[in-house]
Amino acid sequence: MDTSPSPLGAVAGPRSGDTETTGSIYPFVRTYPNPHAKAPQDVDGRPMLSRLALSTVLIVLGLAGGVEMLTLWWLQTPASRVQNLSEELIMGAQLTGLLGGYLLLIEVALMARLPWLERRIGSWLASLHRYLGGYLMMLLTMHVTFVLAGYSLSLGKPVNAVLLGILQTYPDVLIATIAYLLLLGLGLSSIRKIRRRLGYERWHAIHLVAYPAGVLAFFHEIAMGAQFTRNMIARDTWTVINVVVLAAVLYHRFYLPFRRHLKHRLRISHIVAEAPDTISIYITGIDIDQLNAQGGQYFRWRFLARGCWYQTHPFSLSAHPTENTLRLTVKGVGAYTRRLKRRLRPGQRVLADGPYGAFTAFLRRRRRVLLIGGGVGVTPLRAIAETLGGNERDVIFAQRASTEHELLMVDELRRMQRQGKLTFLPILGRRGKTAREDPMHPTRLRTAIPDLREREVFICGSPGMVAATVKTLRRAGVQRRYIHTELFDF
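Let me begin by describing the structure that accompanies this report. This one's a predicted model, so the numbers in the text were calculated from it and none came from an experiment.

Side note on the packing of helix H3 (residues 85–110) against helix H12 (residues 232–264)
(1) Moving on: Two elements in contact, H3 and H12, have axes whose closest approach is 10 Å; the angle formed by their N-to-C orientations is 25 degrees. It follows that H3 is roughly parallel to H12 by the angle criterion. At the point where H3 passes H12, the crossing takes the left-handed sense. Seen from H3, the contacting residues are Gly 101, Tyr 102, Leu 105, Val 108 and Ala 109; seen from H12, they are Trp 238, Ile 241, Asn 242, Val 245 and Val 249.
(2) Moving on: Taken together, the residues of the contact of H3 with H12 break down into eight nonpolar, two polar and no charged.

Considerations on the packing of aromatic side chains
Where two aromatic rings form a pair, the distance of their centres and the angle of their planes describe that pair.
(1) Moving on: Per the counting criterion, the structure on display carries ten aromatic pairs.
(2) Moving on: Residues Tyr 211 and Phe 254 carry aromatic rings whose centres are separated by 6.3 Å and whose planes lie at 70 degrees to one another, so their mutual orientation is edge-to-face. Separated by 43 residues along the polypeptide, Tyr 211 in helix H10 (residues 210–224) and Phe 254 in helix H12 bring together distant segments of the chain.
(3) Moving on: The class of Tyr 211 is partly exposed, set by a relative accessible area of 21%.
(4) Moving on: Among the aromatic residues, ring-to-ring pairing joins Phe 299, Trp 301 and Phe 303 into one connected group.
(5) Moving on: It is Arg 366 that lies over the ring of Tyr 482; its NZ or CZ is 3.6 Å from the centre.

Let's talk about helix H14 (residues 378–387)
(1) Moving on: Here H14 lies mainly inside the structure; eight of its ten residues are buried.
(2) Moving on: Listing the buried residues of H14 in full gives Val 378, Thr 379, Pro 380, Leu 381, Arg 382, Ala 383, Ile 384 and Ala 385.
(3) Moving on: The secondary structure elements touched by the buried residues of H14 are strand S4 (313–316), strand S5 (325–331), strand S7 (369–374), strand S8 (395–401), helix H15 (410–418) and strand S10 (456–461).
(4) Moving on: Where H14 terminates, the next one or two residues include Gly 389, which has phi positive at roughly 65 degrees.

Quick notes on the sheet that holds S7
(1) Moving on: The strand order S9-S8-S7-S10-S11 describes an open sheet built from five strands, whose pairing is parallel. The open sheet terminates on both sides in strands that have one partner only, identified here as strand S9 (423–428) and strand S11 (483–487). When the angles between neighbouring strand axes are averaged without regard to direction, this sheet yields 15 degrees.
(2) Moving on: In the sheet, S7 pairs with S8 via six bridges, with the strands oriented parallel. Residue pairing across strands places Ile 372 opposite Ala 398, the latter belonging to S8.

What counts, and at which threshold
- Residues numbered from 1 in each chain as written.
- Predicted model: local features only at pLDDT ≥ 70, side-chain atom pairs only at ≥ 80, totals over all residues.
- Heavy atoms only, no water.
- Axes fitted to C-alpha atoms, helices over the stretch in contact; angles between N-to-C directions.
- Helix = DSSP H or I, 4+ residues; strand = E, 2+ residues; numbered from the N terminus.
- Parallel < 35°, antiparallel > 145°, perpendicular 65-115°, else oblique.
- Left-handed = near helix turned anticlockwise from the far one by under 90°.
- Contact = heavy atoms within 4.5 Å.
- Nonpolar A, V, L, I, M, F, W, Y, C, P; charged D, E, K, R; others polar.
- Phe/Tyr/Trp six-rings, centres within 6.5 Å; stacked < 30°, edge-to-face > 60°.
- Buried < 20%, exposed > 50% of the residue type's maximum accessible area, 1.4 Å probe, protein only.
- Lys NZ or Arg CZ within 6 Å of the ring centre and 35° of its normal.
- Pairing = 2+ DSSP bridges.

Spelled out as structure tokens, the structure:
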């Protein structure tokens, strides 16, 4: 077997039928009669709209709703009512209030965890939610500023006197002020530096205030919003939309998880140490297959163990579910994950909310696939690899790490390679500027994987790793529509 250095600065595990030894990835290339032959392009059974196309449709629908809000404001704001600066500011307050209320409704709807959208779009919903959050806070702050400035100018009083007078005169404004302060605290907690200091659990708990804030804001809109107090059709329509979103949140975020807990009765079956700082947790229960979970998806897990029961954290499945078993693999990278290793025992009860996420083999449209994982991002990719149904030529599993000791689940991946399910390709070394220094340089990738441009690529890892890998693949000629990503971030 060829033992020359790999062009990626790493060695692949043994191919099917080979002995357990290291060697070059070039034997993989030679398995092709023609390394540059184009792979079959399409896989049957794809949805009518791709993940990107469906996301685009939803964004267009959202923008259309925003246009309707603008139209409602325009039709009920005659030019005769805007004669001076104070009236212009008050009209600006109405406009920003309308758009802010609409955007808040969208933000809540994005986190309603609708199963159909979760399986089709997945983490993109959370990304859009995070992206829109800054615009929401900007609109709400402009709304408050315009109200205070407009009435201060109109009444000839200082802002603090106007604020006090409004709060004493209009109880609904007091309700809205509470909602605004709750949302402001939520927005500040999402600033990256603050979010990191808070930690995932505190940050997630703070985000729960969005629900009562949304309810308080709704009552303010109905009671004080000029466009709703003067137009009963608009008021009734807005009420129905809010009730539908609230019902979706209550059903999917609260009722369904509780019902699943009663039905499936999840418990820890056993725990396996994968590495000194990594464990795999096997979960058993009743009729787990009815959860319809797929490799690559994640659950929000609550382990009912001492010191762990009050926290929930998202972890991806690290193996495709069986009839009565789920598996997740946890690497001790923080206080909570290290605590899990010490506190978890077989037999303990588990609450699981999910499955969530669209990062599954369902996204696949090409026969040949490249999986690229880094750190704990390896775990969902390993689960996806089980469901791809390819062989060592169709599926390449590339694991990115600085050193060999940082590789995860190596034994399992090499076993899958011996079974002819994939080719395992460790890519070791730190990033650099040239092809000689950088194991992920486009030139070295194309040399190692001649049909790279014809492959569908799944990437999972930290935000920095994912962004750098996408950039590399684009430079190597891979079309963006064939690159699927998942981030381990919050």
